[in-house]
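Residue-level listing of the chains:
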Amino acid sequence: MDTNPNDIVFFLPENRFNVHSGSGSVQDFVVVLRSDEYQPELLSQLEAIMKAIQVDLKERAVIIEILGDSDCRIKEICPESAYVFIFGMNPAQTGFPSHISKYQILSSGTSLYLFADALQMLKSNMDAKKQLWNCLKSHFIDQKK
């Protein structure tokens with residue numbers, strides 16, 4: 001490729017991820033997790049978390065598996081008007097300001113975001129599990145009453 005010395009060339013980092021979509025026609029939930037957490041035991045745990053808020057993971061969700069430990073801009077790969085649950089990544093790794101707290105629903109554009117600890121950590125950390133449940137309960141269960 002011939003380039004003019006006055007040309008400006010940008011190299012964009014490649015987002016490396018896999019998308020695993022369920023079988024449903026309405027997929028208004030997006031779950032983002034690292035590839036080391038995309039394993040049957042932890043996916044069963046994720047399914048139980050979603051079931052607790054009356055969401056069928058296979059019918060209503062898309063799972064985005066981030067490959068390796070690369071950073072990614074979540075807003076660029078997630079659909080608008082969705083609930084986006086991000087497990088095991090801090091906000092700065094995903095293109096959000098680093099001061100965002102875990103276990104709080106964040107509204108940005110037409111989407112709602114929730115940052116949580118990794119599924120592996122939630123499995124054994126009762127305090128983190130309780131924080132996640134309280135957040136989900138207040139937003140998905142208590143508001144329906």
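Above this text you will find the structure in question.
Now for a description of the structure that goes with this document. Think of each chain on its own: its residues are numbered from 1, step by step along the sequence as written. Reporting of local features is limited, given that this is a predicted model, to residues whose pLDDT is at least 70; pairs of side-chain atoms are given and counted only at 80 or more, and all residues count toward the totals for whole chains, interfaces and linings. By convention in this description, side-chain values take in all heavy atoms of the structure and omit both hydrogens and water.

**Structural notes on helix α1 (residues 40-52)**
Now for step 1: What counts as a helix is a DSSP run of H or I of at least four residues, what counts as a strand is a run of E of at least two, and both are numbered from the N terminus. The span one expects for a helix is its residue count, reduced by one, times 1.5 Å. For α1, built from 13 residues, the straight-helix expectation of 18 Å at 1.5 Å per residue is met to within 8% by its first-to-last C-alpha distance of 18 Å.
Now for step 2: Relative accessibility thresholds used throughout: buried, under 20% of the residue-type maximum; exposed, over 50%; partly exposed, between the two (1.4 Å probe, protein chains only). Those residues of α1 that fall on the buried side of the exposure criterion are L42, L43, Q45, L46, I49 and M50. Angularly, the buried residues of α1 cover 155° about the axis, an arc narrow enough to put them on a single face. In α1, the exposed residues that point more than 90 degrees away from the buried face are P40 and K51.
Now for step 3: Every residue pair with non-hydrogen atoms within 4.5 Å of one another is taken to be in contact. Where α1 is buried, its residues meet β2 (29-34), α2 (57-60), β3 (61-66), β4 (83-87), α4 (119-124) and α5 (126-141). Within this analysis, the arc is defined by the directions that extend from the helix axis to the C-beta atoms.

**Observations concerning the environment of A82**
Now for step 1: Relative to the helices and strands, A82 is located in the loop between α3 (74-77) and β4.
Now for step 2: Sequence separation of A82 and A61 is 21 residues, and the distance between their C-alpha atoms is 9.5 Å.
Now for step 3: Apart from the residues within four sequence positions on either side, A82 is in contact with D28, V30, T110, S111 and L112.

**Looking at the pattern of salt bridges**
Now for step 1: We define a salt bridge as a side-chain nitrogen of Lys or Arg found within 4 Å of a carboxyl oxygen belonging to Asp or Glu. Scanning the model with the defined rule gives six salt bridges in all.
Now for step 2: One salt bridge connects R60 with D28, and the closest N-O pair in it is separated by 2.8 Å. With R60 in helix α2 and D28 in the loop between β1 (17-21) and β2, the pair connects residues that are 32 residues apart, well separated along the chain.
Now for step 3: What makes R60 partly exposed here is its relative accessible area of 28%.
Now for step 4: Where D117 meets K102, a salt bridge forms, and the shortest distance between an N and an O atom there is 2.5 Å. With D117 in the loop between β6 (111-116) and α4 and K102 in the loop between β4 and β5 (105-108), this residue pair connects regions lying 15 residues apart in the sequence.

**Some points on the pairing of β4**
Now for step 1: Taking burial as the measure, the five residues of β4 include four buried ones, the bulk of the element.
Now for step 2: For two strands to be treated as a pair, DSSP must find no fewer than two bridges joining them. Two elements, β4 and β6, share five bridges in a ladder whose sense is parallel. Bridged to Y83 within β6 is L112.

**Focus on the packing of aromatic side chains**
Now for step 1: Between the rings of Phe, Tyr and Trp (Trp by its six-membered ring), a pair exists once the centres lie within 6.5 Å; its type follows the angle of the planes, with under 30 degrees stacked, over 60 edge-to-face, and the other angles tilted. Tallied over the full model, the rule gives seven aromatic pairs.
Now for step 2: Measuring from centroid to centroid gives 6.1 Å for F85 and F140, while their planes differ by 80°, and the two rings are edge-to-face. In this pair, F85 is assigned in strand β4 and F140 in helix α5, connecting sequence segments 55 residues apart.
Now for step 3: Chaining the aromatic ring pairs together yields one cluster made of F29, Y83, F85 and F140.

Structural measurements only, silent on function.
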